[in-house]
Amino acid sequence: MGALSRGGRPVTTWAAAAERLGGALRELTVRNVVRTTVGGTGLRVRLTNAFGDRVVTFGAVYAGVPRAGAALEPGSNRRLLFGGRLGVSLAPGATVLSDPLPGVVGARQRLAVSVYLRGEGGVLTGRNRATAPARAGECAASPAYRSVPGDHAGDGDGSAYEREVTSWHWLDAVTLCAPAEAPGAGDSWAGASGVGVPGVGALGVGVPGVGVPGVGVPGVGALGVAVLGDSIATGVGSETGHGWPDLLADRAFRASWPLAVANEGVSGGCVLTAGTGRSAEERLTAEVLTKPGIGTVILAAGINDLGAGARAEDLVAAYRRIVATAHAAGVGVVGATLTPFAGAEYHTPAGERARQAVNAFVREGGAFDGLADFDAALRDPARPAHLLSRHDCGDHLHPSAAGHRAMAAAIDLRSLRRGHPALIPAPASPRTGRPGQQPPSPGQPGSWRAGSGRWTPRGR
């Protein structure tokens, strides 16, 4: 396949943090609707039974392209295999990655991943408050659909899916191989139906000789970024349904800088304690660092901890542990300041003092590899403890759609390459005009291990 097979690397093009869902399901199919951030080949999906209380069996898993509602584009639905098998069983706490599906998937493309649950599901794992906002030219779709009883994963018309829901079920990542270079003339982007396994076709969205947008930039490749956040990261407050991580991926795409964004936000999520999902510290090791291609983490959590009475020093200590864990895995960390929340139900003067202390550490403590100053982007200059009115969705905690746009714009895209020094040429040296080594961030002594993609703090 020419450039498609040269220099590619696995990346996580979509992800969701695992949460414990309410209710119980048995013997039905769930169709999850998600969107890629970058494109590539060899689509794989990862299923999780993180909070399950029993073994769950998935009898069939398919990936297709949504058309309208639960219906799919004709001929797009393809079966995924697991170690060459048609189905898979997951023990409590386990995850599984499907075999790669031949063909090419484009950047910013909606996908429908249909999972048939055989028998009882027990305690469900998924992600609450899911969104699937449509873009220009797309029909509206729910984030997920539940079917009438039975295996309807392979159905294309969607008529068996009787209920819309706002939770993704069992799906926690979509990965693919993103090429390091854009396709050249003569490269075929179309997957050939029936490639590999009889009855299991390829998911192809291109035509021979025509590139699919967003699968790579010559000499650059895709960067993998994970957002370790709370309900703000999931997009709560945005009237359009587009949260700032999604808008960040859009911004990078428009700049011809493919950015694979894994959204590991949890509604109500905390850094120090668990809720419906794991704590941020646990999510980092159990979820973020187990997904391929993550080179940088944006740490944007802590408001819920302060609302629950956490001390600034405890949050700062946790931030240091998160950075140390990420650095040990060769992953950079961009620190995000905590946004104003005066007027919110759980705001207190003590919580505000703690927020200011935590933000001072994020800005000046020297622990992070980059800064996303969300506080400065959203605050009211006349009342710095409050969100600017146009950035406030109305609950004085979550940003409006305008606020989410301001957050996406506040991130310096160059800071996201800190975990990827081997992928992108460093900025030109002012002295020589030639690409030079990426310097450490201010206050962070250390050096890049050339060509390794790893950040090595001094003394390690």
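Quick caveat: nothing in here was measured; it's all calculated off a predicted structure.

Definitions and cut-offs
- Residues numbered from 1 in each chain as written.
- Predicted model: local features only at pLDDT ≥ 70, side-chain atom pairs only at ≥ 80, totals over all residues.
- Heavy atoms only, no water.
- Buried < 20%, exposed > 50% of the residue type's maximum accessible area, 1.4 Å probe, protein only.
- Helix = DSSP H or I, 4+ residues; strand = E, 2+ residues; numbered from the N terminus.
- Pairing = 2+ DSSP bridges.
- Polar contact = N/O pair within 3.5 Å; in protein donor to acceptor, adjacent residues only side chain to side chain.
- Contact = heavy atoms within 4.5 Å.
- Salt bridge = Lys/Arg side-chain N within 4 Å of Asp/Glu carboxyl O.
- Phe/Tyr/Trp six-rings, centres within 6.5 Å; stacked < 30°, edge-to-face > 60°.
- Lys NZ or Arg CZ within 6 Å of the ring centre and 35° of its normal.
- Axes fitted to C-alpha atoms, helices over the stretch in contact; angles between N-to-C directions.
- Core = buried A, V, L, I, M, F, W, Y, C linked by side-chain atoms within 4.5 Å.

1. Some points on the pairing of strand β1 (residues 9-15)
Residues in a regular strand project their side chains so that they alternate between the two faces of the sheet. By the criterion of burial, β1 is predominantly enclosed, with five of the seven residues buried. Judged from the six bridges that link them, β1 and strand β17 (residues 171-178) form a sheet pairing that is antiparallel. Considered in β17, the bridge of W14 is made with V174.

2. Observations regarding the pairing of strand β14 (residues 144-147)
What you see with β14 is no split at all: A144 and R146 on one side and Y145 and S147 on the other are buried throughout. Across three bridges, the pairing between strand β3 (residues 26-35) and β14 is antiparallel. Within β14, the position partnered with R31 by the bridge is Y145. In this sheet, strand β15 (residues 161-165) lies alongside β14 in antiparallel orientation, the contact comprising four bridges. Looking at β15, one finds that S147 is bridged to Y161.

3. Points about the side chain of S76
Residue placement: S76 occurs in the loop between β7 (71-72) and β8 (78-79). Within the local environment of S76, its side chain forms a polar contact with the backbone nitrogen of V65, the two atoms lying 3.0 Å apart. Within the structure, the side chain of S76 is placed 2.8 Å from the backbone oxygen of E73, a separation counted as a polar contact.

4. Here we look at unusual backbone geometry
Here R108, not a glycine, exhibits a phi torsion of approximately 60 degrees, which is positive. Mapped onto the secondary structure, R108 falls in the loop between β11 (101-105) and β12 (110-120). R108 gets classed as buried once you look at its relative accessible area, which sits at 9%. For H396, which is not a glycine, the phi torsion comes out positive at approximately 65 degrees. Note that H396 resides in the loop between β24 (383-387) and α7 (401-409).

5. Considerations on the environment of H152
Along the chain, H152 falls in the loop between β14 and β15. The spatial distance from the C-alpha of H152 to the C-alpha of S114 is 8.0 Å, given a sequence separation of 38 residues. Apart from residues no more than four positions distant in its own chain, H152 is found in contact with T29, R31, S147, A160 and Y161.

6. Description of the pattern of salt bridges
One pass over the structure, following the stated rule, counts 19 salt bridges. Here R379 ties to D375 by a salt bridge, and the two come within 2.9 Å at their closest N and O atoms. According to the relative accessible area criterion, R379 is partly exposed, its value standing at 32%. R383 is the partner of D380 in a salt bridge, and the nearest nitrogen-oxygen pair spans 3.8 Å. Residue class for D380 comes out buried when judged on its relative accessible area of 14%. Classification of R383 as partly exposed rests on a relative accessible area of 44%. Residues joined by salt bridges that share partners form a network here, namely E352, R355, R363, D373, D375 and R379.

7. Notes on the packing of aromatic side chains
Aromatic rings considered in pairs are described by the distance between their centres and by the relative angle of their planes. Tallying each qualifying case throughout the model produces six aromatic pairs. Summarising the aromatic geometry, the rings of W14 and W168 are spaced 5.1 Å apart at their centres and angled 90 degrees between planes, so their arrangement reads as edge-to-face. A residue pair is termed long-range when its members are at least 10 positions apart, and W14 in strand β1 and W168 in strand β16 (residues 168-169) qualify at 154 residues. We note that W14, like W168, is buried. Site record: aromatic cluster; members linked through ring pairs are Y319, F361 and F368. R278 extends its terminal NZ or CZ atom over the ring of F51, reaching a point 5.7 Å from the ring centre.

8. As for the sheet that holds strand β21 (residues 332-336)
The five strands are arranged β19-β18-β20-β21-β22 in an open sheet whose pairing can be described as parallel. Looking along the sheet, the strands with just one partner apiece sit at the ends: β19 (259-263) and β22 (370-372). The mean inter-strand angle of the sheet, taken between neighbouring strand axes irrespective of direction, is 25 degrees. With five bridges joining them, strand β18 (residues 223-229) and strand β20 (residues 296-300) adopt parallel strand pairing. Directly across from V227, in β20, lies its bridge partner I298. Across the sheet, helix α4 (residues 312-328) lies against β20 and β21, angled at about 155 degrees from β21, the strand it touches most.

9. A word on the nonpolar core
Grouped together as the largest cluster of nonpolar side chains are 61 residues, with contacts concentrated most on W244, L248, I298, Y319, F368 and L416. Per-element tally for this core: the top contributor is α4, with eight residues. L248 has contacts with L259, I298, A408, I411, L413 and L416, leaving out every residue within four places of it along the chain. One finds L43, V61, V96 and L111 within the second-largest nonpolar core, a separate group that totals 39 residues.

10. A look at the side chain of N77
Assignment of secondary structure puts N77 in the loop between β7 and β8. A relative accessible area of 13% places N77 in the buried class. One polar contact links the side chain of N77 to the main-chain carbonyl oxygen of A153, over a distance of 2.9 Å. Within polar-contact distance, the side chain of N77 engages the backbone oxygen of G154 at 3.4 Å. Excluding its chain neighbours within four sequence positions, the residues that come into contact with N77 are R31, Y62, A63, G64, L72, A153, G154 and D155.

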